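A closer look at the structure
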Amino acid sequence: MPVNFEKPIGTGDVLPEKLKLIKKVSFDIKEILERWGYEEIDTPLIEYQKTVGLFSKIPDEKLIKFLDPLGNTVILRPDFTTPIARFVASTYKDVEFPIRLMYQGKVYTNLGRRGINEKNQIGLELIGLSSLEGDAEVISLAVQIFLKTTGTRFKVAVGHTNFLRLLLKEVGCEFSVYENLSQALLERDYVAYRNLVNNLELSEFLKDRLLRILKMRGSLESIWEGRSWFDSLKWQSVFKEFSGLWAILGKYQATDYVNFDLSLMGQQNYYTGMIYHVYCEGHPRPVCSGGRYDNLLENFGRPGPATGMAVNLDDLLAVIIKGKGVSNVNDSHS
Amino acid sequence: MLTIAIPKGRILEEANELLICSGIIKNSVKESRKLVIESPEEKIRFILAKPLDVPIYVRYGVADVGIVGKDVLLEDNEGLYEVMDLGIGACRLSICSRPGTVCQRGELPRVATKYPKTSLRYFWEKGEQVEIIKLNGSVELAPLLGLSHYIVDIVSTGRTLKENGLVELEVIEEITCRLIVNQATFHLKNTVIEDLIERLEAGVKV
């Protein structure tokens, strides 16, 4: 039985001082996004499990579920991306692509015995733009946000969801191998990945390539050797994407803050292309993550490419407070 | 400055040998009451921790990297990079019992262990439902006193088992120590980490 001082595990009260800081930081972020044409919307805290819950591809046990008054299973929104896909395909169905939306609010996932994971997010979705300009826009917005709000060193790690799949196809592996290897990378378990690769029936030469990607991390230069590995159109086109993205990021003067990482895997199962994670010095987790999701909207009946990202405000605040970037935030309003 | 979490006890000696062999430190890290040991010459700081706490220090970023057994990581590897098999601290995680242990039909087998998640997962994969009893040490006692039918624990030489009249039934996993890295460190100090890995790889081969 809960006692009167308790709140559900994983949730928290926000004190005035912190709330002021959240408002300031959010204001700064929204100001940047508004300049780029993003409009803020809000969506319900609860959604139907059979639509948003299912299409979010978040494992069922990670959703917080209950019944609405009519007996339908509803969930607390686990992210904003899926509700916004619903919104764009229904309420906004007559609005022409590209659509730029931003949001701020809380999202909830179920951690079982460890309670509820309540996260305060601020993010953006860029819907209807399939080109690299879309990815570059989102990445450079992330860079601008971190430059503006923190005084801490940070890196945007950029990977590609299809890279491993493509590489395995080039070396001639079966799909079952992909499952195991991608799981190892998702768990960041390089030892398991290496052991799996070493047990494959492949030439040492091809194994070396599968192992090499664990070390390919950094500027375009540090992954460029991979381009000449295979001649197929698909392989060449993925490297063309990397170099194209790098060129646009150069124009935005963002390349100093970006690292490619060929072993990066997206946590969200709906990603279809480039994925991004932002890491800040001294903060143990990614503070912001996102990626391209070109197949999510069609679930709601309006196919369209899209990309986006979400900043975890609590993580960002921790970085700001620790890095004494706080004074910068105050300065920007005085 | 790089902060390395290393486990007290069984593994420390081998870890020292490897770190010296790899040219990362000159003098071995000694277990004492002092829990944070600075090695300013090499720009390294060591945190001496209980093995189960090593992943926690690394996850929260108070240590950049850690040395820890795979047995511990099987229980808890969330949010960490497991970058290298260090080859030290070799042992195995096994199911053991008194010889000839049988469960009554309809009785849920009881398994005493320091590794509840791994044990539950292993029996689940075998299609067996068991009751896990979490102990914090001297797990071998449990079957002797009739607390459990089985234990899941690490076995290296098998001497403790023998002295307590237990036998090893099945090996769940071969265990060695791993190098783990905090996520942010991995992405922001990548050259430092790659350099550390390279040295250790050379050290492992010696």
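Residues numbered from 1 in each chain as written. Chains lettered and ligands numbered in written order. Predicted model: local features only at pLDDT ≥ 70, side-chain atom pairs only at ≥ 80, totals over all residues. Heavy atoms only, no water.

Remarks on the overall build of chain B
- The helix and strand tally for chain B stands at eight helices and eleven strands.
- In terms of overall dimensions, chain B has a C-alpha envelope of 60 × 30 × 30 Å along the principal axes.
- For chain B, the proportion of its 206 residues judged to be buried stands at 50%.
- Summarising the internal contacts of chain B: among those between residues at least 6 apart in sequence, 68% fall at separations of at least 24. (Helix = DSSP H or I, 4+ residues; strand = E, 2+ residues; numbered from the N terminus. Buried < 20%, exposed > 50% of the residue type's maximum accessible area, 1.4 Å probe, protein only. Contact = heavy atoms within 4.5 Å.)

Observations regarding the interface of chain A and chain B
- The interface of chain A with chain B comprises 24 residues on the first partner and 25 residues on the second.
- Taken over both partners, the interface formed by chain A and chain B buries close to 2,000 Å², and the fraction arising from carbon and sulfur atoms is 47%.
- The largest per-residue losses of area from chain A upon contact with chain B belong to Arg-188, Val-191 and Pro-284 of chain A, which jointly make up 31% of the total buried on that side.
- The interface formed by chain A and chain B contains four salt bridges.
- A salt bridge links Glu-194 of chain B to Lys-215 of chain A, with the nearest nitrogen and oxygen atoms 3.0 Å apart.
- If you list the elements that add at least two residues to the side of chain A that touches chain B, you get strand S7 (154–160), helix H7 (190–198), strand S9 (258–261) and strand S10 (274–280) of chain A. (Buried area = accessible area lost by both parts, 1.4 Å probe. Salt bridge = Lys/Arg side-chain N within 4 Å of Asp/Glu carboxyl O.)

Description of the confidence of the model for chain A
- Model confidence for chain A is summarised by a mean pLDDT of 93, while 97% of its residues fall at 70 or above.
- When the criterion is pLDDT under 50, residues 325–334 of chain A qualifies, and its contacts beyond four places in sequence or with other chains add up to 19 contacts. (pLDDT = per-residue confidence, 0-100.)

Quick word on the sheet that holds strand S4 (residues 73–76) of chain A
All names here are of chain A.
- Taken in spatial order, the three strands line up as S2-S4-S3 in an open sheet, and their pairing is antiparallel. Here the strands that pair on one side only, and so sit at the sheet edges, are strand S2 (46–48) and strand S3 (65–67). Each adjacent strand pair in this sheet contributes to an overall mean axis angle of 40°, direction not counted.
- Both S3 and S4 contribute to a ladder of three bridges, which runs antiparallel. From the neighbouring strand, Lys-65 faces S4, where its bridge partner is Ile-75. (Pairing = 2+ DSSP bridges. Axes fitted to C-alpha atoms, helices over the stretch in contact; angles between N-to-C directions.)

Things to note about the environment of Leu-200 of chain B
Residues and elements named next belong to chain B.
- Counting through the fold element by element, Leu-200 comes out in helix H8 (residues 190–205).
- Between the C-alpha atoms of Leu-200 and Leu-179, which are 21 residues apart in sequence, the distance is 9.4 Å.
- In contact with Leu-200, not counting residues within four places along its chain, are Leu-18, Leu-19, Ser-22, Ile-24, Met-84, Leu-86 and Leu-179.

Section: the pattern of salt bridges
- For the coordinates displayed, the defined rule picks out 30 salt bridges over all chains.
- One salt bridge connects Arg-292 of chain A with Asp-294 of chain A, and the closest N-O pair in it is separated by 2.9 Å.
- Residue Asp-64 of chain B pairs with Lys-189 of chain B through a salt bridge whose shortest N-O separation is 3.6 Å. In this pair, Asp-64 of chain B is assigned in the loop between helix H2 (54–59) and strand S4 (65–69) and Lys-189 of chain B in the loop between helix H7 (183–188) and H8, connecting sequence segments 125 residues apart.
- Judged by its relative accessible area of 9%, Asp-64 of chain B is buried.
- Assessed through its relative accessible area of 22%, Lys-189 of chain B is described here as partly exposed.
- A single network of salt bridges, built from pairs that share partners, joins Asp-189 of chain A together with Lys-70, Glu-82, Asp-85 and Arg-178 of chain B.

Some words on unusual backbone geometry
- Looking along the chain, the bond that leaves Phe-97 of chain A and enters Pro-98 of chain A is cis, with omega of -10°.
- Tracing the backbone through its elements, the reader meets Pro-98 of chain A in the loop between helix H3 (81–89) and strand S5 (99–110).
- If you check the backbone angles, Gln-253 of chain A has positive phi at about 55° while not being a glycine.
- Residue Ser-138 of chain B is not a glycine yet carries a positive backbone phi of 45°.
- Among the secondary structure elements, Ser-138 of chain B is positioned in the loop between strand S8 (131–134) and helix H5 (141–144).

Some thoughts on the packing of aromatic side chains
- By the definition in use, this model includes 23 aromatic pairs over all chains.
- Aromatic pair Phe-55 of chain A and Phe-300 of chain A: ring centres 5.0 Å apart, planes at 85°, arrangement edge-to-face. Highlighted residues: Phe-55 of chain A in helix H2 (residues 49–55) and Phe-300 of chain A in the loop between strand S11 (288–292) and strand S12 (306–312), separated in sequence by 245 residues. For the pair Phe-55 of chain A and Phe-300 of chain A, a shared accessibility class is recorded, and that class is buried.
- Where Tyr-190 of chain A meets Tyr-81 of chain B, the ring centres are 5.6 Å apart and the plane angle is 75°; that geometry is what we call edge-to-face. Taken together, the residues span two chains, with Tyr-190 of chain A in helix H7 and Tyr-81 of chain B in strand S5 (residues 80–85).
- Exposure remark for Tyr-190 of chain A: the relative accessible area of 3% places this residue in the buried category.
- Judged by relative accessible area, Tyr-81 of chain B falls into the buried class, the value being 4%.
- In textbook terms, an aromatic cluster arises when at least three aromatic residues are bridged by ring pairs, as seen for Phe-163, Trp-224, Trp-229, Phe-230, Trp-235, Phe-239, Phe-242, Trp-246 and Phe-260 of chain A.
- Positioned above the aromatic ring of Tyr-81 of chain B is the side chain of Arg-188 of chain A, whose terminal nitrogen or guanidinium carbon lies 5.9 Å from the ring centre. (Phe/Tyr/Trp six-rings, centres within 6.5 Å; stacked < 30°, edge-to-face > 60°. Lys NZ or Arg CZ within 6 Å of the ring centre and 35° of its normal.)

Here we look at the packing of helix H1 (residues 16–35) of chain A against helix H4 (residues 132–149) of chain A
Residue and element names in this part refer to chain A.
- Axis separation between H1 and H4 bottoms out at 10 Å; the angle between their running directions is 145°. Classified by chirality, the crossing of H4 by H1 is right-handed. For the pair H1 and H4, contact is made by Val-25, Asp-28, Ile-29, Ile-32 and Leu-33 and by Leu-141, Gln-144, Ile-145, Lys-148 and Thr-149, respectively.
- Tallied by class, the residues present in the contact of H1 with H4 amount to six nonpolar, two polar and two charged. (Left-handed = near helix turned anticlockwise from the far one by under 90°. Nonpolar A, V, L, I, M, F, W, Y, C, P; charged D, E, K, R; others polar.)

Description of H3 of chain A
- Burial analysis of H3 of chain A places eight of its nine residues in the buried class, which makes it a mostly covered element.
- Those residues of H3 of chain A that sit buried are Thr-81, Thr-82, Pro-83, Ile-84, Ala-85, Phe-87, Val-88 and Ala-89 of chain A.

Some points on the nonpolar core
- Formed by 136 residues in total, the largest nonpolar core has its most connected members in Tyr-193 and Phe-242 of chain A together with Leu-179 of chain B.
- Sequence-distant contacts of Tyr-193 of chain A, defined by excluding residues within four places in its chain, comprise Leu-164, Leu-181, Ala-184, Leu-185, Leu-210, Leu-211, Ile-213 and Leu-214 of chain A.
- Listed in part, the 13 residues of the second largest apolar core include Tyr-115, Phe-123, Ile-172 and Ile-175 of chain B. (Core = buried A, V, L, I, M, F, W, Y, C linked by side-chain atoms within 4.5 Å.)

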